[in-house]
Amino acid sequence: MAKRTRIIEGMWDCSSCGTKGILARHKKCPHCNNPRELTGQESEFDFGDTDAATGKSLREGVTDEKALELANAGADWFCAYCGASNRGDQEICKNCRAERGTDAKALQEEADPGLPPEQPAPAAPKKRGALFKVGMVLGGLLVFCCGSSIVYGIWSSMTHETTGQVVSTDWKRTVYQERFTPVTLEGWADELHAQSSRMPVNGAGEVAGVQNIRGCVPRQRTTRKVADGTERVCSTKHRKTACGTEEKCHTRNKGNGFKEEVCEDVTKYCDESYEDCRNETHYRDEPVYAPKCTYDSYQWKEVTHREASGGDGEPPRWPDLSVSPEDRLRREEKYTLHIAYDGGKKNTTFEPKTEQEYLGWKKGQQVSLTVSNGGEVKQIVPR
Ligand SMILES: [Zn+2]
Ligand SMILES: [Zn+2]
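Per chain, residue numbering runs from 1 following the sequence as it is written. Here chains are named by letter from A upward and ligands by number from 1 upward, in the order in which they appear as written. Under the rules for a predicted model, residues below a pLDDT of 70 receive no local features and side-chain atom pairs below 80 are neither given nor counted, while totals for whole chains, interfaces and linings still include all residues. Hydrogens and water are ignored here; the side-chain numbers use all heavy atoms of the structure.

Undergrad: Would you explain the overall build of the protein in this entry?
TA: Scanning the protein for helices and strands turns up three helices and 13 strands. Across the 383 residues of the protein, 30% fall into the buried class. Working rule for contacts: check all heavy atoms of both residues, and any pair within 4.5 Å makes them a contact. Residue pairs in contact within the protein that sit at least 24 positions apart in sequence constitute 69% of those at least 6 positions apart. Per element, the accessible surface of the protein, about 24,600 Å² overall, is 51% carbon and sulfur. Runs of H or I in DSSP of at least four residues are treated as helices and runs of E of at least two as strands, each being numbered from the N terminus. Any residue under 20% of the maximum accessible area for its type is buried, any over 50% is exposed, and the rest in between are partly exposed; the area is computed with a 1.4 Å probe on protein chains only. Shrake-Rupley sampling with a 1.4 Å probe provides the accessible areas, and residues are treated as covered by the protein chains on show and by no other component.

If you want it as structure tokens, here you go:
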């Protein structure tokens, strides 16, 4: 974009006669002929106010040749003998004819920095910083909580050894008499395959069968998701967009009562809100039907059962139950040790799997236990 350059002329005040607002092009006071000197305020020029938004000088630029030539003559220097200010391109003091020495004070001409680069388009909104912080806090909590529970988990699974005693032992045995009995069942039509039943011989070799499939009626078997219309969901969001240009200016003090001002138009960014919309599909559960049928089959059903139980040295035995040839017997056995440990303060039970294992334990026997810090008994062995 095009740059617009202006030369702004400063003003100074005479400290000898009090004349104010003397144009910079005058190195001597037009009223009392006092040269501008490197003392107090005379070395400073007043360039007037600038516009806060653009940085543009509120003063008119100078265009006459004499002023422009002075502006480009370099920074002023002050005579080491008489103190008068002189043009940067003069080697002899205009006031006292002394030569410009190396010890002469001079004003500085500012280097041209060029215009600052155009303001880049602002990136993601500030919100992200806040979210990030929330994330950090949640993450921290997560680490803390999970850390604690992991530590607790490790601690409670650690074990220690203790001693105890078998307080009592008991056993319970049950014999079930079961008969292959006709039943009416229901099943899904596509899962039923007709098959003849066969009765058991000496309680074995039976086939339940699927016979007389009938009365098939639709029943709900499962559900499936079906689209049930869509909804338009919108939210208001913000973004930065280019919205024309704005003028930006910067100035460079030439050290001689003039300053150079360069203005250009840069892209301006505005906050724009817009609606972010998408279609959301809603789903509902729809029942799925299938034919369900009634059929005849057989199942083992309990006719009767007998129990026997005992403990503390009494040997396990099976209850008496005679069985007819078409029936079968099913046996269940359960063995339990009651153990006190930690000086009798705590109790636990242990269930041997077989009669042989059960008979290996005796009432009053000393045992060693492996117990987790969480209180779970991990192992029991004779001592
Ligand atoms: Zn004066
Ligand atoms: Zn001089």
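Undergrad: Help me understand the environment of Arg 219, please; the structure alone is not making it clear to me.
TA: Here Arg 219 lies in strand 8 (residues 211–253). For the pair Arg 219 and Ala 290, spaced 71 residues apart in the sequence, the C-alpha separation amounts to 5.6 Å. When residues no more than four places from it in sequence are discounted, the contact partners of Arg 219 are Glu 186, Trp 188, Val 288, Tyr 289, Ala 290 and Lys 292.

Undergrad: Just to check I follow, could you spell out the coordination of the zinc ion (ligand 2) for this structure?
TA: Put simply, a metal with four donors set out as a tetrahedron has ideal angles of 109.5 degrees, and one with six donors set out as an octahedron has ideal angles of 90 or 180 degrees. Any N, O or S atom lying within 2.8 Å of the metal counts as a donor, with the limit raised to 3.2 Å for Na, K and Ca; because water is left out of the atom set, some sites can appear incomplete. Each protein donor to the zinc ion (ligand 2) is listed here as Cys 79 (SG), Cys 82 (SG), Cys 93 (SG) and Cys 96 (SG); together their distances run 2.2 to 2.3 Å. Labels for metal geometry use angle windows, namely 85 to 135 degrees for all angles of a four-donor tetrahedral site, and for square planar (four donors) or octahedral (six donors) sites opposite donors over 155 degrees apart plus all others within 65 to 115; sites meeting none of these are irregular. Each of the four donor atoms bound to the zinc ion (ligand 2) contributes to angles spanning 102 to 118°, and the resulting shape is tetrahedral. Each donor residue of the zinc ion (ligand 2) belongs to the same chain, and together they define the spacing C-x2-C-x10-C-x2-C. The class for Cys 96 is partly exposed, based on a relative accessible area of 32%.

Undergrad: Explanation requested: the coordination of the zinc ion (ligand 1) in the structure shown.
TA: Donor atoms from the polypeptide that coordinate the zinc ion (ligand 1) comprise Cys 14 (SG), Cys 17 (SG), Cys 29 (SG) and Cys 32 (SG), at 2.2 to 2.3 Å from the metal. Geometry at the zinc ion (ligand 1) is tetrahedral, judged from its four donor atoms and the angles of 104 to 114° they form at the metal. On the primary sequence, the residues serving as donors to the zinc ion (ligand 1) are separated as C-x2-C-x11-C-x2-C. In this pair, Cys 17 is assigned in the loop between strand 2 (11–12) and strand 3 (22–23) and Cys 29 in the loop between strand 3 and helix 1 (65–71), connecting sequence segments 12 residues apart.

Undergrad: Explain unusual backbone geometry here, please?
TA: When glycine is set aside, most residues are seen to have a negative phi, and most peptide bonds are trans. The residue Arg 97 is not glycine, and still its phi comes out positive at about 70°. Within the element layout of this structure, Arg 97 appears in the loop between strand 5 (85–86) and strand 6 (105–106). At Asp 342, a position not held by glycine, the phi torsion is positive, near 55°. Mapping Asp 342 onto the fold places it in the loop between strand 10 (328–341) and strand 11 (346–350).

Undergrad: Honestly, the layout of surface pockets in this entry has me stumped. Any pointers?
TA: The definitions used throughout rest on a 1 Å grid laid over the protein atoms alone, on which a cavity is an enclosed set of points accommodating a 1.4 Å probe that cannot get out and a pocket is an open set flanked by protein within 12 Å on both sides along at least five of seven lines; lining residues are those having an atom within 4 Å of a point. Grid points are joined across faces, edges and corners, and a volume is the space filled by probe spheres set on the points. Of the voids in this model, the second largest pocket is the one considered here, and its volume is about 200 Å³. Lining the second largest pocket are 14 residues; nearest its centre among them are Arg 25, His 26, Lys 27, Lys 28 and Lys 94. Residue assignment for the lining of the second largest pocket shows that the elements contributing at least two residues are helix 1 and strand 5. Considering each element in turn, the lining of the second largest pocket owes the most residues, three residues, to helix 1. Gly counts as polar in this scheme, as do all residues outside two lists: the nonpolar Ala, Val, Leu, Ile, Met, Phe, Trp, Tyr, Cys and Pro, and the charged Asp, Glu, Lys and Arg. The residue makeup of the lining of the second largest pocket, split by class, is three nonpolar, four polar and seven charged.

Undergrad: Which parts of the structure should I look at to understand the sheet that holds strand 6?
TA: Pairing between the strands of a sheet is mediated by backbone hydrogen bonds and can be parallel or antiparallel. As summarised here, the arrangement of the three strands in space is 5-4-6, forming an open sheet in which the pairing is antiparallel. Every interior strand has two partners, whereas the edge strands, strand 5 and strand 6, have only one. Two strands make a pair as long as DSSP finds a minimum of two bridges between them.

Undergrad: Just checking my understanding: could you explain the pattern of salt bridges for this structure?
TA: Oppositely charged side chains can form a pair if their charged atoms are brought close together. Salt bridge, as applied in this entry: a Lys or Arg side-chain nitrogen positioned within 4 Å of an Asp or Glu carboxyl oxygen. This structure, assessed with the given rule, holds 34 salt bridges. Its salt-bridge partner being Asp 285, residue Lys 225 comes within 3.0 Å of it at the nearest N-O pair. Residue Lys 225 is found in strand 8, and its partner Asp 285 is found in strand 9 (residues 258–311); the two are separated by 60 residues along the sequence. According to the relative accessible area criterion, Lys 225 is exposed, its value standing at 59%. Its relative accessible area of 46% is what places Asp 285 among the partly exposed residues. Among the salt bridges present, the one from Arg 239 reaches Glu 272, with a minimum N-O distance of 2.8 Å. Placement of the pair is Arg 239 in strand 8 and Glu 272 in strand 9, with a sequence separation of 33 residues. One network of salt bridges, in which partners are shared, links Arg 4, Lys 56, Glu 247 and Asp 265.

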